[in-house]
Every structure is written in structure tokens, then in C-alpha cells.
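Summary of the model geometry
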Amino acid sequence: MYPLRRNRRLRTTEAMRSLVRENSISPNDFIVPIFIVEGKSIKEEIASMPNYYRYSLDMLKAEIKELWSLGLKSVLLFVKVPENLKDNAGKEALNPEGLMQRAIKTVKDVCPEMIVMTDVALDPYSKYGHDGIIQNGEIVNDPTNVFLAKMGLSHAQAGADIVAPSDMMDGRILAMRSLLEEEGYYNTGIMSYSAKYASAFYGPFRDALDSAPVDLQNIPKDKKSYQMDPANREEAIKETLMDIDEGADIVMVKPGLCYLDIVRDIREVVDVPVAVYQVSGEYAMLKAAAEKGWLNHDAVMMEQILSIKRAGATMIASYFAKDVVKLLS
């Protein structure tokens, strides 16, 4: 006896498949990471991230206009800090005329409606490449939180809509939210990197910002004492719920593809938006495989993005954002 229900009936044509499709992708799903450098007339390709660039502020203007014209409405800013401005305390991060602060103002001047998110972390400013202040060979938690809160406030004062602490210090969301409230920045959002793993996928990003941990005696060689162990699953839920209790408006899982189980776990227990960061290593792998002719770039790119959305992501920070939106159009 043939089955009364044949699932293939709903797969017969593209029109039919589109009609019953459970998940779809639009420009509204994306956060666009942008790397910024000092100087003028600079648009330099990142060697380990083909077709992705660092921009000086004057060149940033055209990029923001293009993103908005494509329907991309949110950017996440990262800055490459000159070596002579790096120290252990990251004091340049609080400079009201620093590169990040000027970048925020540049984006808002060009496109006031663009949602500006900012990376709040010490590693671009640290001469040691770490996300925290180092004392006696240890990355200290609470003094770092005091500084990170001031950094978030500085970004808010420059015009950031959402600050995004990516450091994984304990209690930094409460410190940041408390200071923002005290200073009257009630509407500044916090997107917390709540489940950020000590991943091997971050290499190209660290190339882009020259922010890898340095190899010095008595200095930690990696970030495993604060970023999460890739073997852990339940810990991610605990970290995320604590961040929400401390005042996070959006929570993030980073990286993406290897952690889709974490995305689904978190989506099922929280009532705030869930962001996923499809990181530089994920981008670089596909670009390299496509260049070799081993994979169909666009097909695999879309499959990856859909898998992140299907897992439960509300929004996706991705270096593929422009590629995806151009393909959709």
C-alpha cells in the first residue's frame, strides 16, 4: 500500500518549496563586522580573509553608504590600534578622540539610522594581546571590569547604540550596565558575548587587528583562563543566564558552526535575542576551499547561514553579510 502522505509533494517545485520553507534569510538578519585603521585613503585587504578589508575613516564612509543601500542596517566596529598606543591598562580605549570613538561618530554622521555596535575588549589596546589587565602574570578579573565599564561608557558617549563586551570576565555586564545607568545612558544596549569559546577559529581575526596574545615569559600564552572550554555545553547556559540577570539585552554564541548545539540550547531557555558570530576562521576556510575549486562558494555559504538561523539565531554577525545580500538580490 502506498503511503497516504507523501512528503515529496511539498518539494516538487521551487515555488512550492518556498511556500513551505521554515526559515529564510534577509538583510535584517545580519550584523556586519568592520575593521578600522588610522590613516587616509586606506582600504587594505586582510591576507587571511580574502575580499575583506581594513578601512581608514575616510574610506569607511563609502562602505557604510553601500551597506545601507544593500539593506544592511547594523555594523560591529573593531579598531586596529597602533603599537605605540598599546599598554597593559588600555588607557587609549578611553580617549574621547580615539579611533573607536571617531569611527562611531563617522558612521553616525554618514548614516544616523545605522545601528552601531562596538567591540568592548582590551586586546586591541593591550601590549600583551589579552582581554584583561595583567598583574603578576595573572589576568585579573575585577580591575578589568572597572575598566571595561568605562570603555563601554566612552563608546556610548560617542554615539554607540549597543556596546558588545567580548572579554568573558565574570561580572562585567553588571559593572557596565550599572555605570551606563548611573551616567544616564539608559537606552544604550548591551550585546554580551555570553558563550564565547576558546576556539582555534579566531586566527584570521587576530591577524586583522594584530591582537594575538604575545609569547612572553610569565604571560599567559592563550585565553583559556577566561574564554570557555569547547568541551562544555551546560556551562554556556549558566553563563548566558547570568549575563541576562546582570542586564544584557542580547546574548551571543561565538563561534558559529561548531557550536550550533549551544545556540539551540540557549534559544530554548532565554527570552532575549540570540546573536551568533560566524567567525573569521569559518569565513577563511570556505574562501580557501572555493578558491581551490573544492566547494561551491555561494551554495555552501547559504547553507552555513541557514544552519545558523535554523539553530535559533535571531541575528548573525558574519563576514559573508554583503555576499549573502547581493546573492539574495
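Above: the structure in question.
All of the points below concern the structure found in this document. This structure is a prediction, so every number in the text was calculated from the model and none was measured.

What counts and what doesn't
- Residues numbered from 1 in each chain as written.
- Predicted model: local features only at pLDDT ≥ 70, side-chain atom pairs only at ≥ 80, totals over all residues.
- Heavy atoms only, no water.
- Helix = DSSP H or I, 4+ residues; strand = E, 2+ residues; numbered from the N terminus.
- Rg over C-alpha atoms; globule rule 2.2 N^0.38 Å.
- Buried < 20%, exposed > 50% of the residue type's maximum accessible area, 1.4 Å probe, protein only.
- Contact = heavy atoms within 4.5 Å.
- Areas by Shrake-Rupley, 256 points an atom, 1.4 Å probe, with all protein chains shown as cover.
- Lys, Arg positive; Asp, Glu negative; His and termini not counted.
- Charge placed at Lys NZ, Arg CZ, Asp CG, Glu CD.
- Pairing = 2+ DSSP bridges.
- Phe/Tyr/Trp six-rings, centres within 6.5 Å; stacked < 30°, edge-to-face > 60°.
- Lys NZ or Arg CZ within 6 Å of the ring centre and 35° of its normal.
- Patch = residues over 30% accessible without salt bridge, like charges linked within 9 Å, V, L, I, M, F, W, Y side chains within 5 Å.
- Salt bridge = Lys/Arg side-chain N within 4 Å of Asp/Glu carboxyl O.
- Expected span 1.5 Å × (residues − 1).
- Polar contact = N/O pair within 3.5 Å; in protein donor to acceptor, adjacent residues only side chain to side chain.
- Right-handed = clockwise from strand over helix to strand, strands pointing away.

For the protein, the helix and strand inventory stands at 11 helices and 12 strands. Rg of the C-alpha trace for the protein: 20 Å, near the compact-globule value of 20 Å for 329 residues, within the 12% margin. Each of the three principal axes of the protein carries a C-alpha extent, and together these read 75 × 45 × 40 Å. When each of the 329 residues of the protein is scored for burial, the buried share is 54%. In the protein, the share of contacts with a sequence separation of at least 24, taken over all contacts with a separation of at least 6, comes to 74%. Counting every atom, the protein has about 15300 Å² of accessible surface; 50% of that belongs to carbon and sulfur. One finds the centroid of the 39 positive side-chain charges in the protein at a distance of 7 Å from the centroid of its 47 negative side-chain charges.

What follows concerns the pairing of strand 12 (residues 315-318). Going residue by residue along strand 12, you find Met 315 and Ala 317 tucked away on one face and Ile 316 and Ser 318 tucked away on the opposite face as well. With two bridges connecting them, strand 1 (residues 30-36) and strand 12 associate as parallel partners. Directly across from Phe 30, in strand 12, lies its bridge partner Ile 316. Where strand 11 (residues 274-278) and strand 12 come together, four bridges link them in parallel fashion. If you follow Gln 278 over to strand 12, its bridge partner there is Ser 318.

Enumeration over the complete set of coordinates arrives at 14 aromatic pairs. For the cation-ring pair, Lys 196 lies above Tyr 202, with the distance from its terminal atom to the ring centre recorded as 5.8 Å. Across from the ring centre of Tyr 202, 5.0 Å away, lies the NZ or CZ of Lys 254, which sits over that ring.

All right, on to a nonpolar patch on the surface then. On the surface, Leu 10, Leu 19 and Val 20 cluster together to form a nonpolar patch covering roughly 290 Å² of accessible area. Within the secondary structure, Leu 10 is located in the segment before helix 1 (14-20). On the accessibility criterion, Leu 10 (44% relative accessible area) is partly exposed.

With that settled, consider helix 10 (residues 297-311). With 15 residues, helix 10 should reach 21 Å at 1.5 Å per residue; the first-to-last C-alpha distance of 21 Å fits that figure. Among the residues making up helix 10, those that are buried are His 297, Val 300, Met 301, Met 302, Gln 304, Ile 305, Ser 307, Ile 308, Lys 309 and Ala 311. Close packing links the buried residues of helix 10 with strand 1, helix 8 (260-267), strand 11, helix 9 (280-291), strand 12 and helix 11 (321-328). Between a side-chain oxygen at the N-terminus of helix 10 and the backbone nitrogen of Asp 298 the separation is 3.3 Å; the capping residue is Asn 296. With its phi angle positive at about 130°, Gly 312 sits one or two positions after the end of helix 10.

A word on the pairing of strand 8 (residues 162-165). On strand 8, burial covers both faces: Ile 162 and Ala 164 on one face and Val 163 and Pro 165 on the other are all buried. In this structure, strand 5 (residues 115-120) lies alongside strand 8, joined through four bridges in parallel fashion. Of the residues in strand 8, the one forming a bridge with Val 120 is Pro 165. Pairing geometry for strand 8 and strand 9 (residues 189-196), over two bridges, is parallel. Paired with Ile 162 across the two strands is Gly 189, which belongs to strand 9. For the crossover that starts at strand 8, traverses helix 5 (residues 172-182) and ends in the parallel strand 9, the hand is right-handed.

The next point concerns the environment of Asp 123. Inspection of the secondary structure assignment puts Asp 123 in the loop between strand 5 and strand 6 (133-135). Residue classification places Asp 123 among the buried positions, given a relative accessible area of 7%. C-alpha separation for the pair Asp 123 and Leu 180, spaced 57 residues apart in sequence, amounts to 22 Å.

Another aspect to go through is the pattern of salt bridges. A full pass over the atoms with the stated rule returns 19 salt bridges. Here Glu 63 makes a salt bridge to Lys 322, at a shortest N to O gap of 3.2 Å. You can see Glu 63 sitting in helix 2 (residues 57-69) and its partner Lys 322 sitting in helix 11, a full 259 residues away along the chain. Residues Glu 63 and Lys 322 agree in their burial class; the two are buried. Linking Asp 243 and Arg 172 is a salt bridge whose minimum nitrogen-to-oxygen distance equals 3.4 Å. You can see Asp 243 sitting in helix 7 (residues 234-246) and its partner Arg 172 sitting in helix 5, a full 71 residues away along the chain. Neither Asp 243 nor Arg 172 differs from the other in exposure class; each is buried.

In short, the description is geometric, and any link to function would need to be established separately.
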